[in-house]
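# Descriptive analysis of the structure
The chain contents come next:
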Amino acid sequence: DLWERVDCEGDDIRRVAGTVGTVSPLFRIKEALIELYSDDPPNLPELEDVLVHISQMDFLAYSTIFAMNGGPDNFKKYHGQTSDALDVCLKDFHILAKAAKIG
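Small disclaimer: the values here were computed from a predicted structure and weren't measured.

## Brief notes about the packing of aromatic side chains
Taken as a whole and judged by the stated rule, the model has one aromatic pair. Ring centres 5.2 Å apart and planes at 70 degrees place the aromatic pair Tyr 62 and Phe 66 in the edge-to-face group. In this pair, Tyr 62 and Phe 66 both sit in helix 3 (residues 47-67), four residues apart, roughly one turn of the helix. The class of Tyr 62 is partly exposed, set by a relative accessible area of 39%. Overall, Phe 66 belongs to the partly exposed group, its relative accessible area being 46%.

The following block contains the structure:
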């Protein structure tokens, strides 16, 4: 629903993704991932890649806050890039969830 709203701020996205605030189920996901990877599980994306994907999504979502100053087209550009970055994170999480069910 957030992606369809023009008034959506990057912090709204970041709050849902757990990178800002404390209410998201993903709050402190980085610590949980570090613990998961401490056992060196096989067939998972590299931890560093997963963390970079989360950071990239967070950065782009944060950038949308300021992109509105550049007009609607600039906002839509960053909004779209944030959506794409979130898709990458979701792909990582699907792989992790599948591995957790097997293990």
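There's plenty left to go through after this.
## Observations concerning the nonpolar core
Ranked by internal contacts, the top residues of the largest apolar core, which has 16 residues, are Leu 33, Tyr 37, Val 50, Ile 54, Met 57 and Leu 96. Those elements that place two or more of their residues in this core are helix 1 (10-17), helix 2 (29-37), helix 3 and helix 4 (72-102). Counting residues per element, this core draws most heavily on helix 3, which supplies six residues. Residues in contact with Leu 33, not counting those within four places in the same chain, are Leu 47, Val 50, Leu 51, Ile 54, Phe 93 and Leu 96.

Rules of the game
Residues numbered from 1 in each chain as written. Predicted model: local features only at pLDDT ≥ 70, side-chain atom pairs only at ≥ 80, totals over all residues. Heavy atoms only, no water. Phe/Tyr/Trp six-rings, centres within 6.5 Å; stacked < 30°, edge-to-face > 60°. Helix = DSSP H or I, 4+ residues; strand = E, 2+ residues; numbered from the N terminus. Buried < 20%, exposed > 50% of the residue type's maximum accessible area, 1.4 Å probe, protein only. Core = buried A, V, L, I, M, F, W, Y, C linked by side-chain atoms within 4.5 Å. Contact = heavy atoms within 4.5 Å.

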